[in-house]
Amino acid sequence: VRAQPVALVLAGIWPIVLGWKFIGYWMLGSGRHDHAYRLSIVAAGIVGVALAATVGGAAGPIGLAWTAVGVELVVVVVATLAMGASALRRARTA
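What comes next concerns the included structure. Worth saying up front: this structure is predicted, and the values here are computed from it rather than measured.

Thresholds applied
- Residues numbered from 1 in each chain as written.
- Predicted model: local features only at pLDDT ≥ 70, side-chain atom pairs only at ≥ 80, totals over all residues.
- Heavy atoms only, no water.
- Helix = DSSP H or I, 4+ residues; strand = E, 2+ residues; numbered from the N terminus.
- Rg over C-alpha atoms; globule rule 2.2 N^0.38 Å.
- Buried < 20%, exposed > 50% of the residue type's maximum accessible area, 1.4 Å probe, protein only.
- Contact = heavy atoms within 4.5 Å.
- Areas by Shrake-Rupley, 256 points an atom, 1.4 Å probe, with all protein chains shown as cover.
- Axes fitted to C-alpha atoms, helices over the stretch in contact; angles between N-to-C directions.
- Parallel < 35°, antiparallel > 145°, perpendicular 65-115°, else oblique.
- Nonpolar A, V, L, I, M, F, W, Y, C, P; charged D, E, K, R; others polar.
- Expected span 1.5 Å × (residues − 1).
- Arc of directions from axis to C-beta.

### Regarding the overall build of the protein
Turning to step 1, where the next piece is worked out: Scanning the protein for helices and strands turns up 5 helices and 0 strands.
Turning to step 2, where the next piece is worked out: The order of α-helices and β-strands along the protein, N terminus first, is α-α-α-α-α.
Turning to step 3, where the next piece is worked out: For the protein, whose C-alpha radius of gyration is 16 Å, the value lies well above the compact-globule estimate of 12 Å for 94 residues.
Turning to step 4, where the next piece is worked out: For the protein, the C-alpha atoms occupy an extent of roughly 55 × 25 × 15 Å along the three principal directions.
Turning to step 5, where the next piece is worked out: Looking at the 94 residues of the protein, the share that counts as buried comes to 27%.
Turning to step 6, where the next piece is worked out: Across the protein, every contact between residues at least 6 apart in sequence was considered, and the portion connecting residues at least 24 apart equals 69%.
Turning to step 7, where the next piece is worked out: Carbon and sulfur atoms form 74% of the exposed surface of the protein, whose accessible area is close to 6,000 Å².

### Some words on the packing of helix 1 (residues 3–11) against helix 5 (residues 61–93)
Turning to step 1, where the next piece is worked out: For the pair helix 1 and helix 5, interaxial distance at closest approach is 9 Å and the crossing angle is 5°. Relative to helix 5, helix 1 is oriented roughly parallel. Note on element contacts: helix 5 touches helix 1 through Pro61, Ile62, Ala65, Trp66, Ala68 and Val69, opposite Pro5, Val6, Val9 and Leu10.
Turning to step 2, where the next piece is worked out: In the contact of helix 1 with helix 5, the residues fall into 10 nonpolar, no polar and no charged.

### Here's the deal with helix 3 (residues 34–53)
Turning to step 1, where the next piece is worked out: Spanning 20 residues, helix 3 covers 29 Å between terminal C-alpha atoms, matching the ideal 28 Å at 1.5 Å per step.
Turning to step 2, where the next piece is worked out: When helix 3 is considered as a whole, its buried residues turn out to be Ala36, Ser40, Ala44 and Gly48. Seen from one end, helix 3 has its buried residues packed into an arc of 90°, which puts them on one side. Helix 3 presents Arg38, Val42, Ile46, Val49 and Ala53 as exposed residues on the side facing more than 90 degrees away from its buried surface.
Turning to step 3, where the next piece is worked out: Next to the buried residues of helix 3 lie helix 2 (13–30) and helix 5.

Right under this line is the structure:
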């Protein structure tokens, strides 16, 4: 297996992970979005294990690399949606 294609796919994960670290620490530091952060981590864990055990694992190293990129995107999307839902809920009760 050549490492170059896998490395190219995984290079796409760096901007996501580095940007997400700042957003994630802000979410945890604010105290208002702890549930959104936890939900995103749990959702990504479930999706990641399911994909790695099926589609990603069957496709070999390149499939697992794409699984890693996809799971990071799941973290960001789920956390963003959960924060938006929380903001809507607060706005309705205010």
